[in-house]
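Fold and geometry: a report
Residues per chain, in single letters:
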Amino acid sequence: MSEPSSAFDAVTSAFPEPMLLGESPLWHAEEGALYWIDIPGRAVHRLHPDSQQHQRWDMPEEPGSIVKHAQGGLVVALRTGMFHLHTGTGALSPMLEAPYDTTRIRFNDGRCDAAGRFWCGTIYEPRDREAGTLYCFERNVLRDAHHPVTTSNGVAFSPDQRLMYHSNTPAHRINVYDYDLATGQTSHCRLLRQFDSDKTAPDYGGRPDGAAVDSEGAYWCAMFEGGRVLRLSPQGDILQEIRLPARCPTMVAFGGADLRTLYITTGRNGRSEAELAQYPLSGHVLAVQVEVAGRLEYSYRP
């Protein structure tokens, strides 16, 4: 087991402009570029780290997550549905209308599996019950997987695609399912790790948000309000901790030519002035080098 590391000085800002609530970092290996979104800022961003060339696409409403589209561009899960963002022209084409009450629910975190399905969850914005769920967007059809949550996050797959991870952030809980790639069905839900939900405790470590799985099968999880990222074993044991100069990390992605740069989106929206002074890179996209490489992300295949 690796020793937890207090690595403020090892973590850098990958882009100088802070987001309100950065989310869904996505490494596009073919372009050598990092994509991410700003949810309340209603924008999709792209950065080529080597040149620092940056591009922004404004969205008509809040984006919840993005994945690569096999025919080019991105699939953007907006509040009212799935859209194809043609990054060459900036055009936004509707793919599917959201099946829920868009005044109370929106799409959130998501990821593609190896078969090209886009697994995308929702957030129930009143946050008083588990009225969100996890959807499977396959061949332009949306299916409810019936994973009840308040805020869906942390969707990730083991390297052999036999496990699916899924977190319910307000419940401080990460579940793991057996996964059948051929059928896209989940089964045998069990607890991966339950975190302490007492926010008044002096050692409160945050709640699980977005995540990614590395090439050894470990689950890297952003701990929102915990100021840290954790590397968990497939059994839920903490293998490594990286402390961050931002209290609210939201999701992680592996990038760079060797997939050993861990990019971390963070938020600053609604945080106190005292917290922002203590955590000076709140809202920034962060980067830190890690020993174990990540894995390439799959594209949505319509």
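Residues numbered from 1 in each chain as written. Predicted model: local features only at pLDDT ≥ 70, side-chain atom pairs only at ≥ 80, totals over all residues. Heavy atoms only, no water.

**Quick look at the overall build of the protein**
On a plain count of helices and strands, the protein comes out with one helix and 25 strands. In the protein, which comprises 302 residues, the share counted as buried stands at 58%. If you take every contact in the protein between residues at least 6 apart in sequence, the share linking residues at least 24 apart comes to 47%. Carbon and sulfur atoms provide 47% of the accessible area of the protein, an area that totals close to 12,100 Å². A gap of 3 Å separates the mean positions of the 28 positive and 37 negative side-chain charges of the protein. (Helix = DSSP H or I, 4+ residues; strand = E, 2+ residues; numbered from the N terminus. Buried < 20%, exposed > 50% of the residue type's maximum accessible area, 1.4 Å probe, protein only. Contact = heavy atoms within 4.5 Å. Areas by Shrake-Rupley, 256 points an atom, 1.4 Å probe, with all protein chains shown as cover. Lys, Arg positive; Asp, Glu negative; His and termini not counted. Charge placed at Lys NZ, Arg CZ, Asp CG, Glu CD.)

**Points about the pattern of salt bridges**
Under the defined criterion, the tally for this structure stands at 21 salt bridges. With its nearest N and O atoms 3.1 Å apart, the salt bridge here joins Glu297 to Arg111. In this pair, Glu297 sits in the loop between strand E24 (286-289) and strand E25 (299-300) while Arg111 sits in strand E10 (residues 105-112), placing the two residues 186 residues apart along the sequence. The class for Glu297 is partly exposed, based on a relative accessible area of 22%. Under the relative-accessibility criterion, Arg111 is labelled buried at 7%. (Salt bridge = Lys/Arg side-chain N within 4 Å of Asp/Glu carboxyl O.)

**Observations regarding the confidence of the model for the protein**
Taken as a whole, the protein shows an average pLDDT of 96; of its residues, 97% reach a score of 70 or greater. Low pLDDT (under 50) marks residues 1-7, which in the prediction has 11 contacts with non-local residues, meaning those over four places away or in another chain. (pLDDT = per-residue confidence, 0-100.)

**Here's the deal with the sheet that holds strand E4 (residues 43-48)**
In a beta sheet, neighbouring strands are held together by backbone hydrogen bonds and run either parallel or antiparallel to one another. Spatially, the four strands line up as an open sheet ordered E2-E3-E4-E5, and their pairing is antiparallel. At either margin of the open sheet sits one strand with a lone partner, and together these are strand E2 (22-28) and strand E5 (53-58). If you compare each strand with its neighbour and ignore which way they point, the axes differ by 20° on average. As judged from the five bridges shared by E2 and strand E3 (residues 33-38), these two strands associate in the antiparallel manner. For Leu26, the partnering residue across the bridge sits in E3 and is Tyr35. (Pairing = 2+ DSSP bridges. Axes fitted to C-alpha atoms, helices over the stretch in contact; angles between N-to-C directions.)

**Things to note about the environment of His54**
When you line up the elements, His54 lands in strand E5. Those residues in contact with His54 that lie beyond four places of it in its chain are Phe15, Trp36, His45, Arg46 and Leu47. Looking at His54, its side chain comes within polar contact range of the side chain of His45, at 2.8 Å. (Polar contact = N/O pair within 3.5 Å; in protein donor to acceptor, adjacent residues only side chain to side chain.)

**A few points about the packing of aromatic side chains**
A full pass over the atoms with the stated rule returns 10 aromatic pairs. With centroids separated by 6.1 Å and ring planes inclined at 80°, the aromatic side chains of Phe107 and Tyr135 adopt a geometry described as edge-to-face. With Phe107 in strand E10 and Tyr135 in strand E12 (residues 134-138), this pair connects stretches of sequence that are 28 residues apart. Taking relative accessible area as the criterion, Tyr135 reaches 10% and is therefore assigned buried. Three or more aromatic residues link up through ring pairs in this structure, and these residues are Tyr100, Phe107 and Tyr135. (Phe/Tyr/Trp six-rings, centres within 6.5 Å; stacked < 30°, edge-to-face > 60°.)

**A look at the side chain of Ser282**
Counting through the fold element by element, Ser282 comes out in the loop between helix H1 (273-278) and E24. Within the local environment of Ser282, its side chain forms a polar contact with the backbone oxygen of Tyr279, the two atoms lying 2.9 Å apart. If we skip the residues at most four places from it in the chain, Ser282 touches Pro18, Pro245, Ala246, Arg247, Thr266, Gly267, Arg268 and Leu276.

**Details of the sheet that holds strand E6 (residues 63-69)**
Spatially, E9-E8-E7-E6-E25 is the arrangement adopted by the five strands of the open sheet, whose pairing is mixed. For this open sheet the edge positions go to strand E9 (91-97) and E25, each flanked by a neighbour on one side alone. Bridge count between strand E8 (residues 81-86) and E9: six bridges; the pairing is antiparallel. By the bridge assignment, Leu85 is partnered in E9 with Leu92.

**A look at the pairing of strand E23 (residues 261-266)**
Most of E23 sits inside the fold, with six of its six residues counted as buried. Alternating residues of E23 divide into Thr261, Tyr263 and Thr265 and Leu262, Ile264 and Thr266, and every residue in both groups is buried. Of the pairings in the sheet, the one linking strand E22 (residues 249-255) to E23 comprises six bridges and is antiparallel in character. Within E23, the position partnered with Pro249 by the bridge is Thr266. Taken together, E22 and the strand that follows it, E23, pair antiparallel across an intervening segment of five residues, in which Gly256 is found at a positive phi of about 85°. Summarising the sheet, E23 and E24 pair through four bridges and their orientation is antiparallel. Considered in E24, the bridge of Ile264 is made with Leu286.

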